[in-house]
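# Structural description and commentary
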Amino acid sequence: MDYRTVLTTCTHCGCGCNFYLEVLDGRVIGTIPCKTSPINEGKLCIKGWNVHEFIQSKKRLTQPLLRKNGELTEVSWDEALDFTARRLKEIKDAHGADSLAFLTSARVTNEENYLFQKFCRAAIGTNNVDHCARL
Amino acid sequence: MSEQVKNRVKELLSSGKIKGFLGLCSRNGHIAPHLFVNADDLDNLVVGDKLAAGDSRYPLNRQLINLVRAYPDETFGILVRGCDERGLTALASWNQVDPNKIEMVGIACPRELALACECLKPYPESFVDGEKCEGVSPESVARIDTLQVKERFDHWYHEFSKCIKCYGCRDICPMCFCNECSLENNELIRTGEIPPEIPTFHLTRAVHMAGRCIDCGLCSEACPADIPLRTLYKKVADIIDKQYGFRTGYDGAQKSPLNFLGGLPE
Ligand code: SF4
Ligand code: SF4
Ligand code: SF4
Ligand code: SF4
């Protein structure tokens, strides 16, 4: 028997609420809001309360998908990144950097978001960058 | 930090009487619910008073249910205050836990916590730490009872209208163990819609807590909108007591008058 309560941070929005994930024998079975966290003081919104459900969801994407002959096909990260880089270059060369827009995520770290906007502005050359949390 | 609790847990774990002890521990600068399995690893055991008495209580009984469902043959120890003991008594009467497979390590709550909780019985039957203090009757209920019906309705309407429908009151509740929840039933509540229907959402839950709620207050503490849910459920408990002479978790032999499980009445 291996039962743990693992302190972590909600991935759903920028508030960064803290909770414990209940992990029994390697399976995540529940979420318990952290009462001593100064951010959320033992409270969560409905998204945070259900974090444990998506982690092991069968619907979760675990590999990049590329549409080949109209069909979404699982490919390696290398193939997906090569394809994306090539197409971004082609589009930028043909239509200019502002023809591209980039969406980042509340579900990654601050640092990753910083890198992402840097990539958009410095490497691609556009300010068209936004994120999913601006709903 | 409680040496008495620690010593008792050490004794239970080293004698092999329990497989693990569900309690609280201090780690990462926080107080966390924790399963202790090693008698020599109890240094961080605490009772959940970080800045004030009982300010970091967790739904340990709820976690216990998860453990016993996965390991029904094992015996577990658990930290209990008065409310947690009431919870276990009631959970046993609902066949959710086997009292023979639970070793309670009790602590009595200090006066300040009993006052904050307006707790009728701020201590378990037996405890290794703390001192028994007298129960406190619920002023919050008496205050609302003095209001005229219209004012009372306005009061609750105002409170309920703050709800963000997080379901936290249900999710934290150690007495919510149903496989299918009425609050997710489309016939009763419009699911997938915000704001919730007022007062249907809250009154549905209040009715469901009748004969169930053991007045631990964890729901109020988890409510992001600071709705005084506990006061509402205290009132419901008073009504059940008045009508049926039943208070949840006080007498294990007595079943809830609203217990419809187990076949039709004769
Ligand atoms: S629990 Fe809700 S408010 Fe808190 S971080 Fe997650 S999504 Fe944001
Ligand atoms: S409800 Fe009663 S037993 Fe529970 S923490 Fe409050 S005072 Fe203690
Ligand atoms: S006080 Fe709230 S959390 Fe505790 S048993 Fe009653 S309804 Fe559940
Ligand atoms: S915890 Fe409060 S805000 Fe959340 S659903 Fe319950 S009453 Fe509404």
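All values derive from a computational prediction rather than experimental measurement.

### A word on the overall build of chain B
Broken down by element type, chain B carries 10 helices and 5 strands. Here the C-alpha atoms of chain B give a radius of gyration of 19 Å, agreeing with the 18 Å that 2.2 N^0.38 yields for 266 residues. Once the C-alpha set of chain B is aligned to its principal axes, its extents read approximately 60 × 45 × 35 Å. By the burial criterion, 52% of the 266 residues in chain B qualify as buried. Taking as baseline every contact in chain B between residues at least 6 positions apart, the subset at least 24 positions apart corresponds to 62%. Of the accessible surface of chain B, which amounts to about 13200 Å², a share of 50% is contributed by carbon and sulfur atoms.

### Overview of the interface of chain A and chain B
A common way to report how large an interface is uses the accessible area buried once the components associate. Taken together, the contact pairs 23 residues of chain A with 36 residues of chain B. Both faces combined, the contact of chain A with chain B buries some 2200 Å², and carbon together with sulfur accounts for 63% of it. Counting the surface chain A buries against chain B, the share from its top three residues, A:Met1, A:Lys35 and A:Trp49, is 31%. Linking chain A to chain B there are 1 salt bridge. Between B:Glu221 and A:Lys35 there is a salt bridge whose closest N-O contact spans 2.3 Å. Remark: the boundary between chain A and chain B carries 12 residue pairs in polar contact (both at pLDDT 80 or more). When contributions to the side of chain A that touches chain B are tallied by element, the ones reaching two or more residues are strand E1 (3–9), strand E2 (18–24), strand E3 (27–33) and helix H1 (46–49) of chain A. Tallied by class, the residues present in the side of chain A that touches chain B amount to 14 nonpolar, 4 polar and 5 charged.

### Description of the packing of aromatic side chains
Tallied over the entire structure, the rule returns 8 aromatic pairs over all chains. Each ring, one from B:Trp94 and one from B:Phe177, has its centre 5.9 Å from the other, and the planes form 65 degrees; the classification is edge-to-face. A residue pair is termed long-range when its members are at least 10 positions apart, and B:Trp94 in the loop between helix H3 (82–93) and strand E5 (102–106) and B:Phe177 in the loop between helix H7 (168–172) and helix H8 (200–209) qualify at 83 residues. This pair shows no difference in class: B:Trp94 is buried, exactly as B:Phe177 is. Measuring from ring centre to ring centre gives 5.9 Å for B:Phe153 and B:Tyr157, while their planes differ by 35 degrees; the resulting arrangement is tilted. Separated by 4 residues within a single helix, B:Phe153 and B:Tyr157 lie in helix H6 (residues 149–160), roughly one turn from each other. Each residue in the set A:Phe102, A:Phe116 and A:Phe119 is aromatic and connected to the rest through ring pairs, giving one cluster. Positioned above the aromatic ring of B:Trp94, the side-chain terminus of B:Arg212 is 4.6 Å from the ring centre. Lying across the ring of B:Phe177, B:Arg212 places its NZ or CZ 4.2 Å from the centre.

### Side note on the pattern of salt bridges
Residue and element names in this part refer to chain B. Counted according to the given criterion, the structure contains 25 salt bridges over all chains. Close ionic contact of Lys162 with Glu159 constitutes a salt bridge, the shortest N to O distance being 2.9 Å. The class for Lys162 is partly exposed, based on a relative accessible area of 32%. One network of salt bridges, in which partners are shared, links Arg8, Glu11, Lys17 and Glu103.

### Some details on the domain arrangement of chain B
Residue and element names in this part refer to chain B. Taken domain by domain, chain B consists of domain 1 (3–117) and domain 2 (139–244). Relative to domain 2, the C-alpha centre of domain 1 lies at a distance of 26 Å. Each side of the interface is counted separately: domain 1 has 15 residues, and domain 2 has 18 residues. When the two sides are added together, the surface that domain 1 and domain 2 hide from each other amounts to roughly 1300 Å², 54% of it contributed by carbon and sulfur. A salt bridge links Arg57 to Glu221, with the shortest nitrogen-to-oxygen separation between them at 3.0 Å. When residues of the side of domain 1 that touches domain 2 are traced back to their parent elements, those giving at least two are helix H2 (60–70) and H3. The biggest single contributor to the side of domain 1 that touches domain 2 is H3, with 5 residues. Broken down by class, the residue content of the side of domain 1 that touches domain 2 amounts to 8 nonpolar, 3 polar and 4 charged.

### What to know about the domain arrangement of chain A
Each assigned domain of chain A is listed here: domain 1 (3–53) and domain 2 (65–134). Once you take the C-alpha centre of each, domain 1 of chain A and domain 2 of chain A turn out to be 30 Å apart.

### Remarks on the site of ligand 2
Neighbouring residues of ligand 2: 13 residues in total, closest B:Cys83, B:Cys109, B:Cys117, B:Cys119 and B:Arg230. Taken together, the elements giving at least two residues each to the shell around ligand 2 come down to H3 and helix H4 (111–117) of chain B.

Thresholds, definitions, all that
Residues numbered from 1 in each chain as written. Chains lettered and ligands numbered in written order. Predicted model: local features only at pLDDT ≥ 70, side-chain atom pairs only at ≥ 80, totals over all residues. Heavy atoms only, no water. Helix = DSSP H or I, 4+ residues; strand = E, 2+ residues; numbered from the N terminus. Rg over C-alpha atoms; globule rule 2.2 N^0.38 Å. Buried < 20%, exposed > 50% of the residue type's maximum accessible area, 1.4 Å probe, protein only. Contact = heavy atoms within 4.5 Å. Areas by Shrake-Rupley, 256 points an atom, 1.4 Å probe, with all protein chains shown as cover. Buried area = accessible area lost by both parts, 1.4 Å probe. Salt bridge = Lys/Arg side-chain N within 4 Å of Asp/Glu carboxyl O. Polar contact = N/O pair within 3.5 Å; in protein donor to acceptor, adjacent residues only side chain to side chain. Nonpolar A, V, L, I, M, F, W, Y, C, P; charged D, E, K, R; others polar. Phe/Tyr/Trp six-rings, centres within 6.5 Å; stacked < 30°, edge-to-face > 60°. Lys NZ or Arg CZ within 6 Å of the ring centre and 35° of its normal. Domains from an automatic or database assignment. Near = heavy atom within 4 Å.

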